[in-house]
Amino acid sequence: MATIVPSVSWPGACWTLLVCCLLTPGAQGQEFLLRVEPQNPVFPAGGSLLVNCSTDCPSSKKIILETSLSKELVGNGTGWAAFQLSNVTGNSRILCSGYCNGSQITGFSDITVYSLPERVELAPLPLWQPVGQNLTLRCQVEGGSPRTSLMVVLLRREEELSRQPAVGEPAEVNTTVLTSREDHGAHFSCRTELDMKPQGLELFWNTSAPRQLRTFALPVTPPRLVAPRFLEVEKSWPVTCTLDGLFPASEAQVYLALGDQMLNATVMNHGDMLTATATATARADQEGAREIVCNVILGGERLEARENLTVFSFLGPILNLSEPSAPEGSTVTVSCMAGARVQVTLDGVPAAAPGQPAQLQLNATESDDGRNFFCSATLEVDGEFLCRNSSVQLRSVTLTFNPFTPALERLDHLKWKDKTRHILQCQARGNPYPQLRCLKEGSNREVPVGIPFFVNVTHNGTYQCQASSSRGKYTLVVVMDIEAPKSHFVPVFLAVLVTLGVVTVVVALMYVFREHKRSGRYHVRQGSTSLPLTSMQPTEAMGEEPSRAE
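Criteria and cut-off values
- Residues numbered from 1 in each chain as written.
- Predicted model: local features only at pLDDT ≥ 70, side-chain atom pairs only at ≥ 80, totals over all residues.
- Heavy atoms only, no water.
- UniProt positions renumbered as here; feature names shortened; annotations may be inferred.
- Disulfide = S-S within 2.5 Å.
- Helix = DSSP H or I, 4+ residues; strand = E, 2+ residues; numbered from the N terminus.
- Buried < 20%, exposed > 50% of the residue type's maximum accessible area, 1.4 Å probe, protein only.
- Salt bridge = Lys/Arg side-chain N within 4 Å of Asp/Glu carboxyl O.
- Contact = heavy atoms within 4.5 Å.
- Polar contact = N/O pair within 3.5 Å; in protein donor to acceptor, adjacent residues only side chain to side chain.
- Core = buried A, V, L, I, M, F, W, Y, C linked by side-chain atoms within 4.5 Å.
- Pairing = 2+ DSSP bridges.
- Axes fitted to C-alpha atoms, helices over the stretch in contact; angles between N-to-C directions.

By the naming in an unreviewed UniProt entry, the protein goes by Intercellular adhesion molecule 3 and is assigned to Mandrillus leucophaeus. Database annotation for the protein, UniProt heading Sequence similarities (unreviewed entry): "Belongs to the immunoglobulin superfamily. ICAM family."

### Focus: the state of the cysteines
Throughout the structure, instances matching the rule amount to six disulfides. Here C57 is linked by a disulfide to C100, with a sulfur-sulfur distance of 1.6 Å. The disulfide joining C57 to C100 has a torsion of about 90 degrees about its S-S bond and is therefore right-handed. Residue C57 is located in the loop between strand 5 (47-55) and strand 6 (63-66), and its partner C100 is located in strand 9 (residues 92-100); the two are separated by 43 residues in the primary sequence. Residue C57 is classed as buried on the basis of its relative accessible area of 0%. Overall, the relative accessible area of 6% leaves C100 in the buried class. Taking only the cysteines that form disulfides and numbering them from first to last, the protein has the pattern 1-3, 2-4, 5-6, 7-8, 9-10, 11-12. A disulfide-free cysteine, C426 has its sulfur positioned 4.4 Å from the sulfur of C465, the nearest such atom.

### Looking at the pattern of salt bridges
All told, the structure shown has 21 salt bridges when counted by the stated rule. For E232, the salt bridge goes to R388, with nearest N and O atoms at 2.1 Å. Here the residue E232 occupies a position in strand 21 (residues 230-232), and R388 occupies one in strand 36 (residues 384-396), the gap between them amounting to 156 residues. Using a relative accessible area of 27% as the deciding quantity, one classes R388 as partly exposed. Through salt bridges with shared partners, one network takes in R119, E121, E142 and R211.

### A few points about the environment of E193
In this fold, E193 is placed in strand 16 (residues 187-195). Look past the residues within four positions of E193 in its chain and what remains in contact with it is S149, L150, M151, V153, R163, L203, F204 and W205. A polar atom in the side chain of E193 sits 2.6 Å from the side chain of R163.

### A word on the environment of C53
Relative to the elements of secondary structure, C53 occurs in strand 5. Judged by its relative accessible area of 0%, C53 is buried. In the structure, C53 is positioned 27 residues away from W80 in sequence and 5.5 Å away in space, judged by C-alpha atoms. Apart from the residues lying within four places of it in its own chain, the contact partners of C53 are L34, R35, I63, L65, G79, W80, A81, F83 and C96.

### Here's the deal with the nonpolar core
Ranked by size, the top nonpolar core spans 28 residues in total, and within it L225, L246, L256, I292, C294 and V296 carry the most contacts. Contributing elements (two or more residues each) for this core: strand 22 (236-243), strand 23 (253-258), strand 26 (273-281), strand 27 (288-298) and strand 28 (301-312). Non-local contacts of L256, meaning those with residues more than four positions away in its chain, are made with L225, V239, C241, Q261, M262, L263, A265, A276, T277, A278, V293 and C294. One finds L319, A377, L379 and L386 within the second-largest nonpolar core, a separate group that totals 25 residues.

### Overview of the sheet that holds strand 34 (residues 358-363)
Across the sheet, which stays open at both edges, the three strands sit in the order 29-31-34 with antiparallel pairing between neighbours. At either end of the open sheet lies a strand with only one pairing partner, and these are strand 29 (318-321) and strand 34. For this sheet the average axis-to-axis angle between neighbouring strands, irrespective of direction, equals 10 degrees. Where strand 31 (residues 331-337) and strand 34 come together, six bridges link them in antiparallel fashion. From the neighbouring strand, T331 faces strand 34, where its bridge partner is N363.

Written out as structure tokens, the structure reads:
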């Protein structure tokens, strides 16, 4: 009896099996079989396989292996032979044959190899997929065996959408999905599953690279464009473009343009609403009829809005004075002009024709100081009349001085009572406005002008009231005569003196009369306030001239 030594090895892609057969002599007329080991093996494609062919026939001397695979005899003996098969890439049937007692004996085994697909690929998705439309997913599979155990699965994220067997080479599996907003940004893929568990192995997976889907939705209405009807050259005006019902609004592109001039737009979105703003500035070469255009592009589709706009040039009105500050009596020319096609009107008087200036002249007077002149300019643009106004003020440089004291006829001589309140109403007018001061001569004492102040006798005197400005000085002399109140002491004193005088005269007369009775007459010297008395001589009584007392 011989010893049977089995040996099995599976290193990676190489699978080998060595079987030594027991050769047992049989009885006469017994049929002998040729065994092939391993029987119907399964292993990865590209591996190696050790095949043993054996029989119990004692007369069998030579056993051969018939196969299209690459083989090598690695050992033999009575009733057996071992062969090494290499690079087994496909399913194959191998046949062992030999002779026993002059008759041919055979044995066979079916080799099954398995392989994962060489390529599993999901067909490219559209750049943008409209929401609410069907999307067809296509997965191609090349290679992979055995095909009876190979399935193809289509996935959205981890959600299984379809499971189908791989048929054909290459195999193509399709399925249709109705897309929604939730599919925006979702990843789709396909996966192959090679189920070798019935053969005692495992389930082998192979997954394609994922592809991301972008979905979008556009409203049926165009964008709302807000732009001016008219735009002046070198002037700026805001332009706004709004679109609602846009998904995803954050990925939309917006273009604003004035004719062929692209505008720098700032885009903001809130939910499904998109707003783009820009500032349009017209150039001189764009004068005339133009268009403001707003384009919103999403998902390869475009929504557009257009508004007509007229670019115009409006120069003026330019209002000038020949002398902005004119002396009284000088001639001043006022002129107003504007650009072509502009009609100007100066203080209600229109120019002869559009584009022509308007003028007027005047002799400046004091009443013209601060006078305003108005000019209006009118331009017709696309059936609309655009108006602008301008004004200028004339300033007189004449300096005048006007003292004003309504209670007195003589304006330069003021008579006021002591300890009363008065207002020195002197007025000075001029351009530039003059400074007015009234100073007392000799002391430079200043009295207020135009406001009440308390008057006393110390204000008596002559004052210099001076108005001064950058154009010169003007002085008015004003005399203040302050009347002091009458004293009551003098009349009383005089009354006392008169009374004393009368009393003295009466007393003197009485005395003289008494003495006259006694010794003669007395004469009162006239002109003496002390009333001195002198005696009369007899000759005086007789009519002779008396002598003057020394």
